[in-house]
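Here is what each chain is made of, one letter per residue.
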Amino acid sequence: QSYRSAAGPLAAMSTVFIIEMAGTIRHGMLETRHDWKRFRILLSIGTALGLGSGLLIAWAGGGVWALVVQAPLFGLPAAIDLFWGAKWRPDWSWSWARYRSTAAFGANRMTSLALQRGRLTAEQSVMTGAYEFAMLGIFTRANGLANLLAGRIGTLAVGTLYPVITRAEPHSLQMQRMAGLLVCGVCWTSIPAA
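Reading the values: rules and limits
- Residues numbered from 1 in each chain as written.
- Predicted model: local features only at pLDDT ≥ 70, side-chain atom pairs only at ≥ 80, totals over all residues.
- Heavy atoms only, no water.
- Helix = DSSP H or I, 4+ residues; strand = E, 2+ residues; numbered from the N terminus.
- Buried < 20%, exposed > 50% of the residue type's maximum accessible area, 1.4 Å probe, protein only.
- Contact = heavy atoms within 4.5 Å.
- Areas by Shrake-Rupley, 256 points an atom, 1.4 Å probe, with all protein chains shown as cover.
- Polar contact = N/O pair within 3.5 Å; in protein donor to acceptor, adjacent residues only side chain to side chain.
- Phe/Tyr/Trp six-rings, centres within 6.5 Å; stacked < 30°, edge-to-face > 60°.
- Disulfide = S-S within 2.5 Å.
- Expected span 1.5 Å × (residues − 1).
- Bend = angle between axes of the 7 residues up to and from the residue.

Enquirer: I tried to follow the overall build of the chain on my own but got confused; where do I start?
Expert: When helices and strands are tallied, the chain shows eight helices and zero strands. With the C-alpha coordinates of the chain rotated into their principal frame, the extents come out at 55 × 55 × 35 Å. Across the 194 residues in the chain, those meeting the buried criterion constitute 20%. By sequence separation, contacts in the chain at least 24 residues apart represent 59% of the contacts at least 6 residues apart. Just so you have it, the chain exposes about 14100 Å², and 69% of that area is on carbon and sulfur atoms.

Enquirer: Looking at this model, I keep getting lost on the side chain of Ser172. Mind explaining?
Expert: For Ser172, the position within the fold is in the loop between α7 (133–165) and α8 (173–193). A polar contact is formed between the side chain of Ser172 and the backbone nitrogen of Met175, at a distance of 3.2 Å.

Enquirer: Whenever I open this one, the packing of aromatic side chains confuses me. Can you help?
Expert: Aromatic ring pairs are reported here in terms of the distance separating the ring centres and the angle at which the planes meet. Throughout the structure, instances matching the rule amount to four aromatic pairs. Aromatic pair Trp36 and Phe39: ring centres 5.8 Å apart, planes at 85°, arrangement edge-to-face. A residue pair is termed a helical-turn pair when its members lie 3 or 4 positions apart in one helix, as Trp36 and Phe39 do in helix α3 (residues 36–59) at three residues. We classify Phe39 as buried; its relative accessible area is 13%. Aromatic side chains Phe83 and Trp88 sit 5.8 Å apart centroid to centroid with 55° between the ring planes, which places their arrangement in the tilted category.

Enquirer: Would you mind showing me how to read the state of the cysteines here?
Expert: Every disulfide links exactly two cysteines, by a covalent bond between their sulfur atoms. Taken as a whole and assessed by the stated rule, the structure comprises zero disulfides. Sulfur of Cys184: no disulfide; nearest cysteine sulfur belongs to Cys187 and is 6.7 Å away. On the basis of relative accessible area, Cys184 is assigned to the partly exposed category, the value being 32%.

Enquirer: Is there a simple way to explain helix α5 (residues 70–85) in this structure?
Expert: Quick reminder: α-helices carry 3.6 residues per turn. Residues three or four places apart thus point the same way. Compared with an ideal rise of 1.5 Å per residue, which puts 16 residues at 22 Å, α5 spans 23 Å between its outermost C-alpha atoms and is within 8% of the ideal. The largest bend along α5 reaches roughly 40° and is located at Leu76, with the proline Pro77 sitting one to four residues downstream. Considered for burial, the residues of α5 that qualify are Pro72, Leu73, Gly75, Pro77, Ala78, Ala79, Asp81 and Leu82. Each element contacted by the buried residues of α5 is listed here: α1 (4–13), α2 (15–32), α3 and α4 (65–68). Phi for Lys87, located one or two positions after α5, is positive at around 55°.

Remember, this is a structural readout, not a statement about activity or role.
Put into structure tokens, the structure is as follows:
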């Protein structure tokens, strides 16, 4: 009974998953094709649509709906562009030979993320076991402040240059040189900042 008022906003927020999947596919397509102009236009329209509608709903007295409507509307332009602009349709057929490299790439990414999350879990477990929760709060705030300066550089560089590196032939000298330059650039900026 007490949760009835949250049912509508939660149902509306569930659309984020579907819209975000389609939007992420479209953004990935544009990144691999290096169509940065269309990429930026879709992001700008999504941002303006989400923020503008949230402000209008809040101004009209819509309450929590001003927050709920923003998330689905952010990815909506990219999702629409996927189906109508790119004329993309899902292919429901299955072939291991076609998906082998994608599966290897996904497994590689999931393993690295699992290791990263595992490190954070172990770190926080040790902190709360050896000290008290107040110390964990200080530790996480200190990490957050350090990441504002030093941690953002590498994340932004890798996120920006990763699509460029993937255009090179795997295991080629060009790819090795590009990856080496990326690692050196991140280290040269992150280490002094840290």
